[in-house]
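Structural overview
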Amino acid sequence: MEKKMKLSILTATYNRGSFLERLYNSIVQNLNSGLEVEWLIMDDGSVDETTKIVQQFIDQEKVEIKYKKQENQGKMAAINNLMQYVTGDLIVDCDSDDYFASDAFKIIKEQFEKTDNQELYGICFLKQNENGNIDGTEFKNETSTMFDLYFKECATGEKGLVFYADIRKKYKHELEHNEKFATEARMYHKMDENYKLKCVNETITIGDYQEDGYTSNIVKTFTSSPYGYFKYFEEILQKDFKGVTWNKRLYAIKHYILFLTLTKEKLNLKQVKNLFNKMLILILLVPGKIKSKNFKNTY
């Protein structure tokens with residue numbers, strides 16, 4: 001009998017117990033897809049009813065659930081710490097306030113069955129909001145990288161990534177100076193260096209931004225995690241900028257100066273690959289530093 005492909009769902013949660021039932025129900029709804037499924041949950045120090053709620057799911061014995069707890073370290077550390085428990089062939093992260101479309105696992109299975117994974121680290125799908133609208137733009141190309149998608153192809157909005165587990169396990173979210181947050185894109189860009197993504201214009205996840213989420217509190221996120229963001233933009237400026245749009249070039253440089261200021265790191269133009277980018281940094285450095293010092297009121 002042929003072994004079924006297994007999907008590992010990773011969820012980091014912090015005081016989001018009230019949202020988990022919706023995600024759980026969406027997983028159960030997808031169990032007829034032909035995929036084996038495991039749901040790995042890392043409770044990042046919740047003080048609400050999360051433990052009790054998850055135990056109710058476990059007691060129903062409908063889904064293989066691995067529930068772990070840690071002292072509050074942030075979402076990225078939670079996902080890093082879950083990776084050791086993954087037994088699936090495929091990995092997808094799903095935030096506690098998101099959930100899966102009714103045919104998500106069927107779509108995932110069909111796409112991976114007809115995909116040669118030799119040069120890919122996964123498949124990128126669409127996400128939609130609660131109103132049924134696609135979050136951002138659709139894909140222009142069948143294959144790409146996360147860097148090219150957002151810096152060259154002008155993609156917008158969140159996407160749903162499903163990884164090949166054997167490749168995903170080679171990487172982790174890098175955290176700086178004991179910070180609790182790092183943008184997922186930093187890890188994705190490292191994966192881009194060796195692999196590509198297949199891009200599919202079908203929706204697998206649904207969700208809206210929450211008021212207490214990282215994106216909604218961007219100023220707080222930036223000020224509490226400046227070193228991780230500084231390294232992220234420093235690494236971006238080490239890349240080949242051929243094909244990068246003007247707006248994205250300015251975006252990268254302005255944010256590099258912002259986090260250079262917030263971290264009080266010294267400017268090191270040797271870390272910047274492109275001569276034109278070096279010139280722009282020198283031109284924008286002084287006004288950028290002035291604005292960065294007051295960015296809480298201007299961002």
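Here we summarise the structure given alongside this text. (Residues numbered from 1 in each chain as written. Predicted model: local features only at pLDDT ≥ 70, side-chain atom pairs only at ≥ 80, totals over all residues. Heavy atoms only, no water.)

Time to look at the overall build of the chain. Within the chain, the regular secondary structure consists of 12 helices and nine strands. Taking 299 residues into account, the globule formula puts the C-alpha radius of gyration at 19 Å, and the chain, at 20 Å, falls close to it. In terms of principal-axis extent, the alpha carbons of the chain reach across some 60 × 45 × 35 Å. Burial analysis of the chain (299 residues in total) assigns 53% to the buried set. (Helix = DSSP H or I, 4+ residues; strand = E, 2+ residues; numbered from the N terminus. Rg over C-alpha atoms; globule rule 2.2 N^0.38 Å. Buried < 20%, exposed > 50% of the residue type's maximum accessible area, 1.4 Å probe, protein only.)

Each pair of packed helices can be summarised by the angle the axes make with each other and by the distance between the axes. Contact geometry of helix 10 (residues 246–263) with helix 11 (residues 275–293) gives a least axis separation of 8 Å together with a crossing angle of 55°. Classified by the angle their axes make, helix 10 and helix 11 are oblique. As helix 10 runs across helix 11, the sense of the crossing is right-handed. Where helix 10 abuts helix 11, its residues Trp246, Arg249, Leu250, Ile253, Tyr256, Ile257, Leu258, Leu260, Thr261 and Leu262 lie against Phe276, Asn277, Leu280, Ile281, Leu284, Leu285, Gly288, Lys289, Ser292 and Lys293. Split into classes, the residues belonging to the contact of helix 10 with helix 11 amount to 13 nonpolar, four polar and three charged. (Axes fitted to C-alpha atoms, helices over the stretch in contact; angles between N-to-C directions. Parallel < 35°, antiparallel > 145°, perpendicular 65-115°, else oblique. Left-handed = near helix turned anticlockwise from the far one by under 90°. Contact = heavy atoms within 4.5 Å. Nonpolar A, V, L, I, M, F, W, Y, C, P; charged D, E, K, R; others polar.)

Remark: a regular strand shows side chains that alternate across the two faces of the sheet. Counted residue by residue, strand 1 (residues 6–13) has eight buried out of eight residues, so it is predominantly covered. Side-chain alternation along strand 1 places Lys6, Ser8, Leu10 and Ala12 on one buried face and Leu7, Ile9, Thr11 and Thr13 on a second face that is also buried. Where strand 1 and strand 2 (residues 36–43) come together, eight bridges link them in parallel fashion. Considered in strand 2, the bridge of Thr13 is made with Asp43. Between the parallel pair strand 1 and strand 2, the chain is carried across by helix 1 (residues 17–29), and the sense of this crossover is right-handed. Relative to strand 4 (residues 90–93), strand 1 is paired through four bridges, and the arrangement is parallel. Note that in strand 4 the partner of Leu10 across the bridge is Asp93. (Pairing = 2+ DSSP bridges. Right-handed = clockwise from strand over helix to strand, strands pointing away.)

What follows is about the packing of aromatic side chains. Throughout the structure, instances matching the rule amount to 19 aromatic pairs. Judged by centre distance (4.2 Å) and plane angle (5°), the ring pair of Tyr24 and Phe57 falls under stacked. A residue pair is termed long-range when its members are at least 10 positions apart, and Tyr24 in helix 1 and Phe57 in helix 2 (residues 50–60) qualify at 33 residues. By the burial criterion, Tyr24 is buried, and Phe57 matches it. In textbook terms, an aromatic cluster arises when at least three aromatic residues are bridged by ring pairs, as seen for Phe147, Phe151, Phe181, Phe222, Tyr229, Tyr232, Phe233, Phe241, Tyr251 and Phe259. A cation over an aromatic ring shows up here: Arg168 above the ring of Phe163, its NZ or CZ 5.8 Å from the ring centre. (Phe/Tyr/Trp six-rings, centres within 6.5 Å; stacked < 30°, edge-to-face > 60°. Lys NZ or Arg CZ within 6 Å of the ring centre and 35° of its normal.)

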